[in-house]
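Secondary and tertiary structure notes
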Amino acid sequence: MNRLEGKIALVTGAARGLGAKIAERFVEEGADVIINDLSPSAAEATAKRLGGRAVAADVSDPDSVRAMFESISAMTDRVDILVNNAGISGLEGDNDAQERIRLRAEALASGAEPSEELDGGIAEVTDEKWRRMLAVHMDGTFFCCRGAVPLMPDGGAIINLGSIMGTFGRSGGLAYCAAKAGILGFTRALAHELAPRNIRVNGIAPGWIHTDMTEPMAPMHPFLEMQTPMGRLGEPDDIAWCAVYLASQEAGFVTGQTLSPNGGWYMSQ
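Some remarks on the overall build of the protein
- When you go through the protein residue by residue, the secondary structure sums to 9 helices and 7 strands.
- Among the 269 residues that make up the protein, the fraction classed as buried is 48%.
- For the protein, the proportion of contacts with a sequence separation of at least 24, taken over those separated by at least 6, is 73%.
- Working note: accessible area of the protein is about 12500 Å², and carbon and sulfur atoms make up 53% of it.

Below you can see the structure in the form of structure tokens.
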């Protein structure tokens, strides 16, 4: 308890899912949280539930992020912790991709080798999908770090959410894998830059976690569980407690690192 007492933390994309659970654990550890989300009403609802404050912004839009930090500057004179959690899977509203997932799961269940077309492919990645994925993940992480760093005191902490897909890679998710890999490279570079100011920058690369974002892949969950040495998908708390550690002084000598709670999935590949 009280590992983050007196700290002010901004968590992006925190109205639900991993972001909301991270914010919840931060509050339990004594932090004052600022909840960001694209939806003002969703951000307000989560902030009200946690006793925090809300700021709506589209992290992929530099003007929206600037306005968000103007609002934050009116609330407080500093941001001790920034968690760049906002993200998309690329499956939102993509019925064709979700149908491919279902058919792939059926093929695996029958013992057949899934055909290549069930993975999708580079030819199906449109300019719009590619740019949107990088805008939300890579641009959003950059814009929010750029806005937060001037408000960060000595001892601040930045946590960027990558993914096991950014460390391992997988067909059918080229844009997502590229965006998450880029975040982890950015994390290491920024850690070097901010170390003289005693601001730590680390990444978390979650494995397969039960969230709204992974729900469209539900038909594949049994096979992912079988590939995971611990025999299950992760829960949001598995990531939230990792974030608490990285934000706290327990990780005071940790920077430029990526922690990957994945139940051993990576070593099984």
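A look at helix α9 (residues 236–247)
- Between its first and last C-alpha atoms α9 spans 17 Å; for 12 residues at 1.5 Å apiece the expected length is 16 Å, and the two agree.
- Residues of α9 that are buried: Pro236, Ile239, Ala240, Cys242, Ala243, Val244, Leu246 and Ala247.
- Those residues of α9 that are buried are in contact with α1 (17–28), β4 (81–84), β5 (157–161), β6 (200–204) and β7 (258–259).

Here we look at the sheet that holds β6
- As summarised here, the arrangement of the 7 strands in space is β3-β2-β1-β4-β5-β6-β7, forming an open sheet in which the pairing is parallel. The outermost strands of the open sheet, each flanked by one partner alone, are β3 (53–56) and β7.
- In this fold helix α2 (residues 40–50) packs onto β2 (32–37) and β3, with an angle of close to 160 degrees to the strand it touches most, β2.

Re the pattern of salt bridges
- Counted according to the given criterion, the structure contains 11 salt bridges.
- Ionic pairing is found between Arg25 and Glu28, a salt bridge with its closest N-O pair at 2.6 Å. With Arg25 and Glu28 both in helix α1, this residue pair falls 3 residues apart, about one helical turn.
- Arg25 sits in the buried class, given a relative accessible area of 13%.
- Classification of Glu28 by relative accessible area gives partly exposed; the value is 32%.
- For Asp77, the salt bridge is made with Arg78, and the minimal N-O distance between the two is 3.9 Å.
- Looking at Asp77, the relative accessible area reads 63%, which means it is exposed.
- Assessed through its relative accessible area of 28%, Arg78 is described here as partly exposed.
- The structure contains a network of salt bridges with shared partners spanning Lys21, Glu24 and Arg49.

About the cut-offs
Residues numbered from 1 in each chain as written. Predicted model: local features only at pLDDT ≥ 70, side-chain atom pairs only at ≥ 80, totals over all residues. Heavy atoms only, no water. Helix = DSSP H or I, 4+ residues; strand = E, 2+ residues; numbered from the N terminus. Buried < 20%, exposed > 50% of the residue type's maximum accessible area, 1.4 Å probe, protein only. Contact = heavy atoms within 4.5 Å. Areas by Shrake-Rupley, 256 points an atom, 1.4 Å probe, with all protein chains shown as cover. Expected span 1.5 Å × (residues − 1). Pairing = 2+ DSSP bridges. Axes fitted to C-alpha atoms, helices over the stretch in contact; angles between N-to-C directions. Salt bridge = Lys/Arg side-chain N within 4 Å of Asp/Glu carboxyl O.

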